[in-house]
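Read off the chains here:
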Amino acid sequence: MDLFLNIFIGGLLIGGIYSLVSMGLSLQYGVGKVYNIAHGEFLMFGAFITYWLQSMGVNPLVAVVINAPLMFIVGFILYRTVFTGIRVRSPNPGVFESNGMLAAFGLYFIVQNIAVLIWGSTPYSYQYLNTSVALGPSDFHLNRIIAAVFAIAIGVIFYIFLASTRSGKAIRAAAQDTATAGLMGVDINFVLAMCFGFGAAMAGIAGTLISVCYPIQTTMGLGYTVIATVVITLGGLGSIPGSFIGGFIIGIITTGVAYWEPGLAVAAYYIIFIILLLVRPKGIMGR
Amino acid sequence: MNLSNISWRKLGLNAGVPLVILIALIFVPFYGSWADYGITLFSLFLVYIILAVAWAMFTGSTGYLSLATAAFYGIGFYAAALLYPAEGALVPLFVVVLVGAAVSFVLAFIVGAITLRLKGIYFAMFTLGLVLLMYQVVNYWLISVLGIRGIVVALESNEVIYYYLVGILVVSILVAYFIKRSKWGLALRSIGDNEEAAAHTGVNVTMIKILVFAISAALMGAVGVIVATKTTYVDANTAFNPMISFSPALMAIFGGMGNLYGPAIGATIFTYIQEILQTGSLKNYYMLIFGLILIATILYLPSGMMGLIQNLWNRIKGARRRALTRG
Amino acid sequence: MHLLEGKGVTIHFGGLAAVSDVDFYVDKGEVVGLIGPNGAGKTTLFNLISAALQPKPGEIFFKGKKISGMAPFKICRLGIARTFQTVKVFSNLPVIDNVRIGALFGAQKRLKGNVNPEVNELIKFVGLTEVANTPARDLTLAYQKRIEVARALATKPEVLLLDEMMAGLNPTELTESMELVKKIQQRGVTVVMIEHVMRAIMGICDRIIVLDYGKKIAEGTPKEIAGSKTVIEVYLGVTNVGSKKA
């Protein structure tokens, strides 16, 4: 029983970060229609910027204040330059999706290369609140608990933003039907770029939280992109609450598998992914 | 202009040009002092040309973005590792090539049967996931179960490797050509245009997609076997490297997929750029340049180099025709 | 035995019955009209017949053989071809290749060798000879609809399902299109057509089936339908006549 509770709590802690990464990808793919394979690279960059800031004495959690807006701006500009260009040149949405994905690959190579040039490919880590706290039957690192709380808070704030502000409504309208939203007076190019920017910012924040808990490496991005892909497939493409809940579910499942056989944790994502695609490709919260 | 002229020109382009290229390729190892470097460089060209042609065979017409290339290529690696180890080959090399091709074919058939019902973007995610899964599972099996990291494969001479690659290339081109020219090629293009309409017009959409996907995978598996005898050391990192999924795709897109030459030209140009960059002072910028070219191609060269060349050619011909009629 | 017959055909989307317990039949040589207000389930019924969707519950028979549950390509090869409400031509292929695919893959006894004479005949039949080598994407909607007809006919169907072939056509095109349907009937092909253009429906159909909210509410000759109280109520009391989407 204690074991299950441990796995459950451990899964929730990592699940908060997964939720955040996945909500970002869900915005980029579900609304912006770009399956951004470089999503994890924004996360990696966020983690390294945090590392660099904390080495200069900035509190890692405060680094978010610099990190998130920076990622937002980068994402926004990228969408306005590259992806909007592809969108207007594509004859139909299907072509845009595949060309957008290929361009995202290009982005992945570029960001990876720049990161390796700056930081190489060895792991980096620092200590922050690395004390143990009793939670349930056993002890957990304080930094992980704080990271999870932080992730959940940001998820909730973003959900409130979507539900109650004017920009949030524009985003939800665009997610339902891009073309119609455009006809109703939503500035589509702006809203889609904003979604991409928010997606990048969430990846950046997730990067900060990961750097607080775990060692970081320039090659870590792709793995998180894969996890986020599984989560948004589980939660339903474009469904923000679906990604939020899906993150915790995947967190718990992978923690369980990792407990039993760490070498097969990634294989577990993939098998969940296969089953999902075959049984319910719309996801648990899909329309 | 009379009819016999046209058919001669067509024949020349369809059979003559490839034949000249083939003969030139056969003599590469005999070009004197340059031959040693030439054979290595040309082997590399061939590897990427085959991968790009095989990739475009399926994706070029159906539009299903497959990122599973590295999975099938990696199977070839492990076929070589298990059947053709350095301690003593169990079977002759051509049998290993056939086994690599056959196993890739079967895996692709199964994966295709499961996933080719999925819409485009899901298929891309799924195939990339397949590469990562194979990497994890093989790594787990080697390290945790067998307690080893890699396997050493028997080394083959450069000439043997080279001629095997020429052989696989010929097979690839012939297969690609016949698929393109046959009614199956037409069916593939109809699937790319509108899958639903194709199904309601009597095309067995699922079967054709799966078969062509499996055929292209078999070619990738065969290449993997040969490359393993060149690199000689096989571990999960070299076998299931996602770059092997990305590079041929970029090369084919860069070259243009509307035409059989497109992927081959794209592969040749890129492999050469890669060679120059990796030996020169810019070797750390390869991926960066690769990414920039990919984005630029998608934005500004949607039908690739061959599309560009064709457009220019049409324009020149048009200009000439206008000049003739005017004069 | 009817050529095409459906018994208790039903399908739900979410909780909503898009087609509910519909019995229908089509006899050889007929032109049957399928009408009803928007969202009545007409196109859904076509999708069920051509196996894009499966009835649940319900069964569909073709020449006495149960066809519900088969793959679309098999239905096509058995002899049921269709066109689409929103045109689905192979836009990058020239007209001739669009039709050729039907001839090469659709017919049950597929021809070995040369299908060109047959393909050219069909292209002439629908009046597209002049644009035979033009990519389908460069043609007008009226032409693309004719490509779909030629492509469907190339599969040598016994039943042809036409989904709003006449929507959005100008008066000249409409007259041509009505002629075309009559010519198709003369070729010995049985036609089922969804249509909102009443002139066409009343002018060419032998029998009309009326759907409303997924249920069959009336069936009969054009005269009977034109005089039916239920049908008039549905059309004038609930929804506008002649809108384009179903």
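As a reminder, the structure under discussion sits directly above these lines.
Keep in mind the model is a prediction, meaning the values are calculated, not measured.

### Remarks on the interface of chain B and chain A
Then, in step 1: With 33 residues of chain B at the interface, the matching set in chain A holds 39 residues.
Then, in step 2: When the buried surface of chain B facing chain A is broken down by residue, B:Ile121, B:Tyr122 and B:Met125 rank first, second and third, together holding 18% of it.
Then, in step 3: Where chain B packs against chain A, one counts 0 salt bridges.
Then, in step 4: Inspection of the chain B/chain A interface yields 1 residue pair in polar contact (both at pLDDT 80 or more).
Then, in step 5: Of all the secondary-structure elements, those providing two or more residues to the side of chain B that touches chain A are α5 (120-146), α11 (242-255) and α13 (286-300) of chain B.
Then, in step 6: Top contributing element to the side of chain B that touches chain A by residue count: α5(B), with 13 residues.
Then, in step 7: A breakdown of the residues in the side of chain B that touches chain A according to their chemical character gives 29 nonpolar, 4 polar and no charged.

### A few points about a nonpolar patch on the surface
Then, in step 1: A surface patch of nonpolar side chains, amounting to about 620 Å² of accessible area, comprises A:Ile271, A:Ile275, A:Leu278, A:Val279, B:Val106, B:Ile110 and B:Ile114.
Then, in step 2: Every element with two or more residues in the nonpolar patch is listed here: α11 (265-279) of chain A together with α4 (93-115) of chain B.
Then, in step 3: Along the polypeptide, B:Ile114 turns up in helix α4.
Then, in step 4: Taking the relative accessible area as the measure of exposure, B:Ile114 reaches 32% and is therefore partly exposed.

### Regarding unusual backbone geometry
Then, in step 1: In this model, C:Lys56 is joined to C:Pro57 through a cis peptide bond whose omega is 0 degrees.
Then, in step 2: Take C:Pro57: it is sitting in the loop between α1 (42-49) and β4 (59-62).
Then, in step 3: The backbone of B:Thr232 sits at a positive phi, close to 65 degrees, despite the residue not being glycine.
Then, in step 4: Position of B:Thr232 among the secondary structure elements: in the loop between α9 (205-231) and β2 (233-234).
Then, in step 5: Although it is not a glycine, C:Ala51 adopts a positive phi angle of roughly 70 degrees.
Then, in step 6: With respect to the secondary-structure elements, C:Ala51 resides in the loop between α1 and β4.

### Some remarks on the arrangement of the chains
Then, in step 1: Contacts between protein chains span 2 pairs of chains, and they are most numerous for chains A and B.
Then, in step 2: Between chain A and chain C there is no contact, and the shortest C-alpha to C-alpha separation is 10 Å.

### Examining the packing of helix α5 (residues 142-164) of chain A against helix α6 (residues 166-176) of chain A
Residues and elements named next belong to chain A.
Then, in step 1: α6 packs onto α5 with a crossing angle of 85 degrees between their chain directions and a minimal axis gap of 5 Å. Classified by the angle their axes make, α5 and α6 are roughly perpendicular. On α6, the residues touching Phe161, Leu162, Ala163 and Ser164 of α5 are Arg166, Ser167, Gly168, Lys169, Ile171 and Arg172.
Then, in step 2: By residue class, the composition of the contact of α5 with α6 is 4 nonpolar, 3 polar and 3 charged.

Cut-off values and rules
Residues numbered from 1 in each chain as written. Chains lettered and ligands numbered in written order. Predicted model: local features only at pLDDT ≥ 70, side-chain atom pairs only at ≥ 80, totals over all residues. Heavy atoms only, no water. Contact = heavy atoms within 4.5 Å. Buried area = accessible area lost by both parts, 1.4 Å probe. Salt bridge = Lys/Arg side-chain N within 4 Å of Asp/Glu carboxyl O. Polar contact = N/O pair within 3.5 Å; in protein donor to acceptor, adjacent residues only side chain to side chain. Helix = DSSP H or I, 4+ residues; strand = E, 2+ residues; numbered from the N terminus. Nonpolar A, V, L, I, M, F, W, Y, C, P; charged D, E, K, R; others polar. Patch = residues over 30% accessible without salt bridge, like charges linked within 9 Å, V, L, I, M, F, W, Y side chains within 5 Å. Areas by Shrake-Rupley, 256 points an atom, 1.4 Å probe, with all protein chains shown as cover. Buried < 20%, exposed > 50% of the residue type's maximum accessible area, 1.4 Å probe, protein only. Axes fitted to C-alpha atoms, helices over the stretch in contact; angles between N-to-C directions. Parallel < 35°, antiparallel > 145°, perpendicular 65-115°, else oblique.

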